[in-house]
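Single-letter residue listing:
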Amino acid sequence: MCTRVMWPDANGSVIVGRNMDFHQDLHTNLWKLPRGIKRDDRVSGKLKWTAKYGSVIAGVYDVLSTDGLNERGLAGHILWLAESEYGTPDDSKPQLAMSVWLQFYLDNFETVAEAVAWTEKNQPQIVPMADPTGHSKPALHLALDDASGDSAIFEYIDGKIEIHHSRDYLVMTNSPTYDQQLELVKKYEGLGGDDPLPGTCLASDRFARALYYVGVQPKPASQLQAMAAMLSIIRNCAQPFRNPEPGKPDASQTLWQVVIDLTNLRYAFESTTRPNTVWVNLADLDFSEGSGEAKLDLLSKLALEGGIAGEVHKHFTKHHKFHIVSIEQAKLIGELVAKAAPELAHVKGSLEEHENKVQELVQEKLASFVNAE
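Presented here is an overview of the structure given in this document. (Residues numbered from 1 in each chain as written. Predicted model: local features only at pLDDT ≥ 70, side-chain atom pairs only at ≥ 80, totals over all residues. Heavy atoms only, no water.)

Attention now moves to the overall build of the chain. Scanning the chain for helices and strands turns up eight helices and 20 strands. The burial tally for the chain puts 56% of its 373 residues in the buried class. Intrachain contacts of the chain at a sequence separation of at least 6 include 69% that bridge at least 24 residues. By element, 51% of the accessible surface of the chain is carried by carbon and sulfur atoms, the whole surface being about 15800 Å². (Helix = DSSP H or I, 4+ residues; strand = E, 2+ residues; numbered from the N terminus. Buried < 20%, exposed > 50% of the residue type's maximum accessible area, 1.4 Å probe, protein only. Contact = heavy atoms within 4.5 Å. Areas by Shrake-Rupley, 256 points an atom, 1.4 Å probe, with all protein chains shown as cover.)

For the coordinates displayed, the defined rule picks out eight salt bridges. As a salt-bridge pair, Glu71 and Arg35 come within 2.7 Å of each other at their nearest N and O atoms. Residue Glu71 is located in the loop between strand S7 (64-70) and strand S8 (74-80), and its partner Arg35 is located in the loop between strand S3 (30-33) and strand S4 (38-40); the two are separated by 36 residues in the primary sequence. Using a relative accessible area of 29% as the deciding quantity, one classes Arg35 as partly exposed. Glu183 is paired through a salt bridge with Lys186; the nearest N and O atoms lie 3.1 Å apart. (Salt bridge = Lys/Arg side-chain N within 4 Å of Asp/Glu carboxyl O.)

Another point: the packing of aromatic side chains. Using the criterion set out here, one finds 16 aromatic pairs in the structure. The interplanar angle of 45° and the centroid separation of 6.0 Å between the aromatic rings of Phe22 and Trp80 together place this pair among those described as tilted. Taken together, the residues span a long stretch of sequence, with Phe22 in the loop between strand S2 (13-21) and S3 and Trp80 in strand S8 at a distance of 58 residues. Both residues of the pair, Phe22 and Trp80, count as buried. An aromatic cluster is present here, built from Trp49, Phe104, Tyr105, Phe109, Trp118 and Phe154 joined pairwise through their rings. (Phe/Tyr/Trp six-rings, centres within 6.5 Å; stacked < 30°, edge-to-face > 60°.)

Okay, unusual backbone geometry next. Note on backbone geometry: most residues besides glycine have negative phi, and most peptide bonds are trans. Across the junction of Ser175 and Pro176, the peptide omega takes the value 0°, indicating a cis bond. Positionally, Pro176 belongs in the loop between strand S14 (171-172) and helix H3 (178-184). One non-glycine residue, Gln123, lies in positive phi territory at about 50°.

The subject of this paragraph is helix H1 (residues 101-108). For H1, the tally of buried residues reaches eight of eight residues, placing the bulk of the element in the interior. Within H1, the full set of buried residues consists of Trp101, Leu102, Gln103, Phe104, Tyr105, Leu106, Asp107 and Asn108.

Written out as structure tokens, the structure is:
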């Protein structure tokens, strides 16, 4: 599931790209989240904070942040790592539900170095959650990057956090763990070895291709050329549509791509099922406290024909709330979907229509949580 690539010297800009690979539609919309929002850890509520920085994020089912950029140039990306093992929850330590993991960092830090320092000092635990749609048990790792070109990867192995922090860590994919990826890639031509560059969809092969191609990029003449070059790299690492491999949600088709200019604060999004690319410059959005949360509805507006395209800040519309689910709420949504599964199985129509029914159930339950809080 997914590839993240960082290009720290794109003629004065730091450019990042990522693919989102998964075995089902994630109903992703973009959101503008302002400063001043009060949040908690979504576990017990012991860890609380008020967002220092506004951000633009890509959501999953509008219940969690999976990718995003804050107004200071810190970006984050959630990817799949099957080897993830978060340990037994310990109330004596700071805890973060998986759903709010990325948003915590976007809300609170300007740089990767700040985020790493806090993490090393506090050793937070990530509490895994049920997939609200009931299809898988998420196992994730997190990449952070910033406008200075710094990079860090956070992985939980055998219950302990491992932090890989270096400006040299430009690429992140999935299995195996990051330390093993760094060793495997050395055998390929142009990366330290003699083997030809691999071409399969395996995470280790995508890692090698991405690292090779970002290292041989010519100096771009413009921001447009830099972002186009990054799109070409992550498209080279994209996975084709196919029947998903059982038990391997990371071995799945690419659903969408993101390219981010961390220096000039531009966030671009492209769906693999719709022809249009949209982007927003964060300078055009109001992140002031009290300005309200706003949503770019990609599901209805990025239609196959006649959809929005290009710069889209005026298409963000105020929305009551981006509700990040708690551990308990994710469990309740999962139980609701599972209970409805026999009835939904008899619904006539396409797979897309079936998934839309599931999303309707999720949104109805989500609305009840928002009203209760």
